[in-house]
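# A structural walkthrough
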Amino acid sequence: MNAGFPVIAPGRHPADEPFAVADWRRRVAEIYADVRRLSADDPAAAHATWVQRRDELLAEHPASPLDAAKKASFEGLDIPHYDATFRFECEIRPAPAQRLDVSTGTDGVVPFERIADVEVGDLGTLAVWRLRGYAGGLFVPVKDASPDTYGGGRYLLDTIKGADLGMAGTRLVLDLNFAYNPSCAYDPAWTCPLATRANTLAVEVPVGERVFA
């Protein structure tokens, strides 16, 4: 739920506090474990839980991308109610070979490899990326045509951070209601891998986290 590979300017955010960052990731993983469990019977309730606990993390956690001033005025994220038509169980299809190297400032270059494509209903196709580095990890960002969503795109799947809705058999679960902003949407001091053309939908997506005001 935090940015894919954030780089934080010294003194601005606690990136240099590894225990705070580790706790953030641990709590994100716990949230998604609960979401997967609740989604089996009630996806809308799972989404409401995700919204509430994401608000709590951003407002209270020391590794939040919100600075002290933004925390003081924070009243919750702008996330529409759950719409089940934007949940997809996607067949994993072969994709053209593609590599992407993302410069992240102090963390250097983060290499990605396109390993699959998935169709999200009639909305379009998204690339599935694998981190070519220690421990690997799957990553699916999404950018859409809505003026109400972050222009750099949002994240659907980031297994390194625990943001993962799991599988339905051999199909990948992608639910656009859970699309969330990377940390650079809150503060430009963060550097994030963003959606390329392979992860851009030509249509508006009216669910998921909206632009942070």
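For the structure itself, look to the data block above.
Residues numbered from 1 in each chain as written. Predicted model: local features only at pLDDT ≥ 70, side-chain atom pairs only at ≥ 80, totals over all residues. Heavy atoms only, no water.

### Considerations on the pattern of salt bridges
Counting across every chain of the model gives 10 salt bridges. The shortest N-O distance in the salt bridge between Asp34 and Arg53 comes to 2.6 Å. You can see Asp34 sitting in helix H1 (residues 18–39) and its partner Arg53 sitting in helix H2 (residues 43–60), a full 19 residues away along the chain. Among the residues examined, Asp34 registers a relative accessible area of 23% and is labelled partly exposed. (Salt bridge = Lys/Arg side-chain N within 4 Å of Asp/Glu carboxyl O. Helix = DSSP H or I, 4+ residues; strand = E, 2+ residues; numbered from the N terminus. Buried < 20%, exposed > 50% of the residue type's maximum accessible area, 1.4 Å probe, protein only.)

### What about the pairing of strand E6 (residues 154–158)?
For E6, the tally of buried residues reaches 5 of 5 residues, placing the bulk of the element in the interior. With 4 bridges joining them, strand E5 (residues 138–142) and E6 adopt antiparallel strand pairing. Note on E6: the bridge partner recorded for Pro141 is Tyr155. (Pairing = 2+ DSSP bridges.)

### Examining empty space enclosed by the protein
Here the structure, examined in full by the defined rule, presents 1 cavity of 30 Å³ or more. The computed volume of the largest cavity comes to approximately 40 Å³. In this structure, the largest cavity is lined by Leu100, Phe112, Trp129, Phe139, Pro141, Leu194, Ala195, Thr196 and Asn199. Tallied by class, the residues present in the lining of the largest cavity amount to 7 nonpolar, 2 polar and no charged. (1 Å grid on protein atoms, 1.4 Å probe; cavity = no way out; pocket = protein on both sides within 12 Å on 5 of 7 lines; lining within 4 Å. Points joined across faces, edges and corners; volume = space filled by probe spheres on them. Nonpolar A, V, L, I, M, F, W, Y, C, P; charged D, E, K, R; others polar.)

### As for H2
Since the α-helix advances by 3.6 residues per turn, residues separated by three or four positions end up pointing in the same direction. For H2, spanning 18 residues, the distance from its first C-alpha to its last is 26 Å, which sits close to the expected 26 Å at 1.5 Å a residue. On its buried face, H2 is in contact with H1 and helix H3 (68–73). (Expected span 1.5 Å × (residues − 1). Contact = heavy atoms within 4.5 Å.)

### Section: H1
Helix length check: H1 (22 residues) gives 31 Å between terminal C-alpha atoms against 32 Å at 1.5 Å per residue, within 8%. Of the positions making up H1, those classed as buried are Ala20, Trp24, Val28, Ile31, Tyr32, Val35 and Ser39. Along H1, the residues classed as buried sweep out an arc of 110° about the axis, all on the same side. Turned more than 90 degrees away from the buried face of H1 sit Pro18, Phe19 and Arg37, all of them exposed. For H1, the secondary structure elements touched by its buried residues are H2. (Arc of directions from axis to C-beta.)

### Thoughts on the sheet that holds E6
Spatially, E2-E3-E4-E5-E6 is the arrangement adopted by the 5 strands of the open sheet, whose pairing is antiparallel. This sheet does not close on itself; its edge strands, each paired only once, are strand E2 (99–103) and E6. Mean inter-strand twist for the sheet, computed between neighbouring axes without regard to direction, equals 35°. (Axes fitted to C-alpha atoms, helices over the stretch in contact; angles between N-to-C directions.)

### Topic: the packing of aromatic side chains
Going through the model one piece at a time under the given rule, you end up with 7 aromatic pairs. For the ring pair Phe139 and Tyr155, a centre distance of 4.9 Å and an interplane angle of 85° mean the geometry is edge-to-face. Pair noted here: Phe139 is in strand E5 and Tyr155 is in strand E6, with a separation of 16 residues, a long-range link. (Phe/Tyr/Trp six-rings, centres within 6.5 Å; stacked < 30°, edge-to-face > 60°.)

### Side note on the environment of Ala59
As for its position among the elements, Ala59 is in helix H2. With relative accessibility at 27%, the residue Ala59 sits in the partly exposed group. Separated by 27 residues in sequence, Ala59 and Phe86 place their C-alpha atoms 27 Å apart. Setting aside chain neighbours within four positions, we find Ala59 in contact with Lys71 and Phe74.

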